[in-house]
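# Reading the structure
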Amino acid sequence: MKGYIKLRKEILGILNSKLSHKLTYHAVSHTLDVLNVCNQYIKREKIEERNAKILRIGALFHDIGFTISHIDHEQLGSEIAQEMMAKYRFEQPDIDRVKGLIMATKIPQSPQTYLEKIICDADLDYLGRTDFPEISEKLFEELKMFSVVSTREQWNHMQIKFLEAHTYHTNFARKNRQPRKEKRIKDLKNGTGIV
């Protein structure tokens, strides 16, 4: 699978130049965070090279649809992935797997394969991490920009609902992210959450 480095450079270039400044959460920093978490899974679970590249490409592409619209961005992202990967002569089965990874991150998540489970957990890894308050604040700002929420009270209610509905898919995330996420729900319900 040649072409990964060039493809990565082009994707990051597109994200840097075309993502709206209104996207305080769905920014390049989020894509790089998801890529970093995927790299941790690759290392920890000794994922072989071909699958590792598929996962990395999926992480890079998973929110590229936001460069066009915040509505149905996963579908738009998979269309962009099809076009760009074909340009770099990736084989169609590999392109299809990357498109599957992108579509798996659509909320509510419904991953079918192990790589899809990893990318879904990487996408929402922060829900069970110590940097949750800062990242959550970025999402609050973004949703205010798009008039999805207007008050912190609405936001906290939305957070509780989302956190309760969300489930992690990998053993690692269930063991290492779920407990902190559970505490966060409790804190938000008690009004002691820092969000």
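The text that follows walks through the structure, step by step, so that each part is easy to find. Counting starts from 1 at the beginning of each chain's written sequence and moves along it residue by residue. Reporting in this predicted model follows two pLDDT cut-offs: at least 70 for local features of residues, and 80 or more for side-chain atom pairs to be given and counted; totals over whole chains, interfaces and linings ignore these cut-offs and use all residues. The basis for every side-chain value is the complete set of non-hydrogen atoms in the structure, without hydrogens or water.

## Quick word on the pattern of salt bridges
Only one rule defines a salt bridge in this text: a Lys or Arg side-chain nitrogen within 4 Å of an Asp or Glu carboxyl oxygen. Applying the stated criterion across every chain yields a total of 14 salt bridges. Of the charged contacts, one joins Lys106 and Asp72 as a salt bridge, the two residues approaching to 3.5 Å between their closest N and O atoms. Of the two residues, Lys106 is situated in the loop between helix 5 (92-104) and helix 6 (114-123) and Asp72 in the loop between helix 3 (49-61) and helix 4 (73-87); the sequence distance between them amounts to 34 residues. When accessible area is computed with a 1.4 Å probe and restricted to protein chains, residues below 20% of their type maximum are described as buried, those above 50% as exposed, and intermediate ones as partly exposed. On the accessibility criterion, Asp72 (44% relative accessible area) is partly exposed. Note that Glu141 and Lys144 form a salt bridge whose closest N and O atoms lie 3.5 Å from each other. Pair noted here: Glu141 and Lys144 are both in helix 7 (residues 132-145), with a separation of 3 residues, about one helical turn. Glu141 gets classed as partly exposed once you look at its relative accessible area, which sits at 32%. The helix and strand labels rest on DSSP assignments: H or I over at least four residues marks a helix, E over at least two residues marks a strand, and numbering proceeds from the N terminus.

## Considerations on the side chain of His30
Inspection of the secondary structure puts His30 in helix 2 (residues 28-44). Within the structure, His30 has its side chain in polar contact with the side chain of Asp123 (distance 2.8 Å). Beyond its immediate chain neighbours, meaning those up to four positions away, His30 contacts Tyr25, His62, Asp63 and Asp123. Any pair of N or O atoms that falls within 3.5 Å is considered a polar contact. Within protein, one atom must be able to donate a hydrogen and the other to accept it, and sequence-neighbouring residues count only if both atoms are side-chain atoms. Here, two residues are considered to be in contact whenever any of their heavy atoms come within 4.5 Å of each other.

## Here we look at helix 6
With 8 of 10 residues buried, helix 6 lies mostly within the body of the structure. Buried positions along helix 6 lie against helix 2, helix 3, helix 5 and helix 9 (171-176).

## Thoughts on helix 1 (residues 4-18)
Taking 1.5 Å per residue as the helical rise, helix 1 with its 15 residues ought to reach 21 Å, and the 21 Å between its terminal C-alpha atoms agrees with that figure. Taken together, the buried positions of helix 1 are occupied by Tyr4, Leu7, Ile11, Leu12, Ile14 and Leu15. One face of helix 1 carries all of its buried residues, which in axial projection span an arc of 155 degrees. Away from its buried face, by an angle of more than 90 degrees, helix 1 presents the exposed residues Ile5, Lys6, Lys9, Asn16 and Ser17. Next to the buried residues of helix 1 lie helix 2, helix 3 and helix 4. One less than the residue count of a helix, multiplied by 1.5 Å, gives the span that helix is expected to have. The arc in question is traced by the directions running from the helix axis to the C-beta atoms.

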